[in-house]
Amino acid sequence: MTVERERDGRTLVIRMNRPHKRNAIDAEMTAGLDAALNEFEDDPELWVAVLTGTEALFSAGTDLAAGSGGKTERGGEYGVIRRRAGKPLIAAVEGHALGGGMELVLACDLVVAGRTATFGLPESRRGVIATCGGLFRARRALPLNVAKELLLTGDPLPAERAYQLGFVNALAEAGAAEKSARELAQRISRNAPVSVRESLTALERINSADDEEAWRITEAAMAATLSSADTAEGVAAFLERREPRWQGK
């Protein structure tokens, strides 16, 4: 199984487990994430969820060779990206959270990271763009100039800096992000679930009021990019493990 589930009291831990592919998201993983989050949402005994990867890495994003499968009915891309917030979802990040992996983190409500974790949106290095919310969620979660830096350079953002910028809620020692996220989930679960749910829902409605327009803008940018020669070259160079030869068209 590429997605594992573990119940810990009121918490559901959802673990991406495809390490030989750097936890890249294919159709099977999308289905697994969707099913796990559907269970979380539908079970009244579960109040908080933790989304994590393996001890060495969170996720490298979409599997460029196999594709990530279609949007799911309740979760959208990856089974997560367009899901309506109702219960808190905490990202517990070790190693790299890149591309779609970073967009998974941006779709979560809280972030816990190991000190050696890194975040990034390197799509421009592949001749593509961030299509799963990164274009507009990055600038909400980070200062605008930092969001631009990530999107335009593709350079990684170290966990220490992400914490200083307020993107990461809690820093843990390397290898202890999941443990720290579980502890945060327990702190949330001590509170009234209705109060938590309504607070989260209200914040999400206010924060994402412009999402419909943001998705339209993203889709227009995606259409313009995918029809370019640079996109074909970027994906080919990645699969062939060579430097891309950009044409700028």
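Above this text you will find the structure in question.
### Points about the state of the cysteines
- Within the structure shown, the criterion is met by 0 disulfides.
- We note that C108 lacks a disulfide partner, and the nearest cysteine sulfur, in C132, lies 13 Å from it.
- Note on C108: relative accessible area 10%, which makes it buried.
- Its relative accessible area of 5% is what places C132 among the buried residues.

### Examining the environment of T201
- Structurally, T201 can be placed in helix α7 (residues 193-207).
- For T201, a relative accessible area of 15% gives the class buried.
- A sequence separation of 36 residues divides T201 from A237, and the C-alpha atoms of the two residues are 42 Å apart.
- Ignoring sequence-local partners within four residues, the contact set of T201 consists of A85 and G86.

### Regarding the sheet that holds strand β8 (residues 157-158)
- Pairing in this open sheet of 3 strands is mixed, and the strands run β5-β7-β8 from one edge to the other. Single-partner strands in this sheet number two, and they are β5 (96-98) and β8.
- Relative to β8, strand β7 (residues 118-120) is paired through 2 bridges, and the arrangement is antiparallel. Bridged to F119 within β8 is L157.

### Structural notes on the nonpolar core
- Core analysis: the largest hydrophobic core is formed by 47 residues, its most contacted members being I14, L51, V93, L104, V105, F119 and F167.
- It is helix α1 (residues 27-42) that provides the largest number of residues to this core, a total of 5 residues.
- Excluding residues within four positions of it along the chain, L51 makes contact with I14, M16, L33, F58, L89, I90, A91, A92, L104 and C108.
- Judged by nonpolar contacts, the second largest core, of 12 residues, contains V50, I90, A177 and V196.

### Here we look at unusual backbone geometry
- Of note, N23 is a non-glycine position whose phi angle comes to about 55°, a positive value.
- Topologically, N23 is positioned in the loop between β2 (11-16) and α1.
- N23 sits in the buried class, given a relative accessible area of 0%.
- For R241, which is not glycine, the phi dihedral falls at a positive 55°.
- Examined against the element boundaries, R241 turns out to sit in the segment after α9 (229-240).

### Quick word on the packing of helix α3 (residues 134-141) against helix α8 (residues 211-226)
- Where α3 contacts α8, the two axes come as close as 9 Å, and the packing angle between them is 130°. Comparing their axes, α8 and α3 come out oblique. When α3 is examined against α8, the residues L135, F136, R137 and R140 are found in contact with a partner set consisting of D211, A214, W215 and T218.
- Of the residues that constitute the contact of α3 with α8, the class distribution is 4 nonpolar, 1 polar and 3 charged.

### Observations regarding the packing of aromatic side chains
- All told, the structure shown has 2 aromatic pairs when counted by the stated rule.
- Here the aromatic rings of F119 and F167 are separated by 5.3 Å at their centres, their planes lie at 85°, and the arrangement is edge-to-face. Placement of the pair is F119 in strand β7 and F167 in the loop between α5 (159-164) and β9 (170-172), with a sequence separation of 48 residues.
- The class for F119 is buried, based on a relative accessible area of 0%.
- In this structure, R10 packs its charged tip against the face of W47, placed 4.1 Å from the ring centre.
- A cation over an aromatic ring shows up here: R82 above the ring of W215, its NZ or CZ 3.6 Å from the ring centre.

About the criteria used
- Per chain, residues are indexed from 1 in the order of the written sequence.
- In view of the model being predicted, local features appear only for residues whose pLDDT reaches at least 70, and side-chain atom pairs are presented and counted only at 80 or more, with totals across whole chains, interfaces and linings using the full set of residues.
- Side-chain measures were taken over the full set of non-hydrogen atoms in the model, leaving aside hydrogen atoms and water.
- Note on terminology: disulfide denotes any pair of cysteine sulfur atoms within 2.5 Å.
- Exposure categories follow from relative accessible area, calculated using a 1.4 Å probe and restricted to protein chains: below 20% of the type maximum is buried, above 50% is exposed, and the middle band is partly exposed.
- For the purposes of this entry, the term helix denotes a DSSP run of H or I that reaches at least four residues, the term strand denotes a run of E that reaches at least two, and both are numbered from the N terminus.
- Contact criterion: two residues are considered in contact whenever any of their non-hydrogen atoms come within 4.5 Å of each other.
- Strand pairing is assigned whenever DSSP detects at least two bridges linking the two strands.
- To form a nonpolar core, buried Ala, Val, Leu, Ile, Met, Phe, Trp, Tyr and Cys residues must be joined to one another through side-chain atoms within 4.5 Å.
- To define axes, lines are fitted to C-alpha atoms, for helices over the stretch in contact only, and angles between the resulting N-to-C directions are given on a 0 to 180 degree scale.
- Each angle receives one of four descriptions, namely roughly parallel if under 35 degrees, roughly antiparallel if over 145, roughly perpendicular if within 65 to 115, and oblique otherwise.
- Polarity classes work like this: nonpolar for Ala, Val, Leu, Ile, Met, Phe, Trp, Tyr, Cys and Pro, charged for Asp, Glu, Lys and Arg, and polar for all others, with Gly in that last group.
- Ring pairs shown here join Phe, Tyr and Trp side chains whose ring centres sit within 6.5 Å, with only the six-membered ring taken for Trp; geometry is labelled stacked below 30 degrees between planes, edge-to-face above 60, and tilted in between.
- Geometrically, a charge over a ring is one whose NZ (Lys) or CZ (Arg) sits within 6 Å of the ring centre while staying within 35 degrees of the ring normal.

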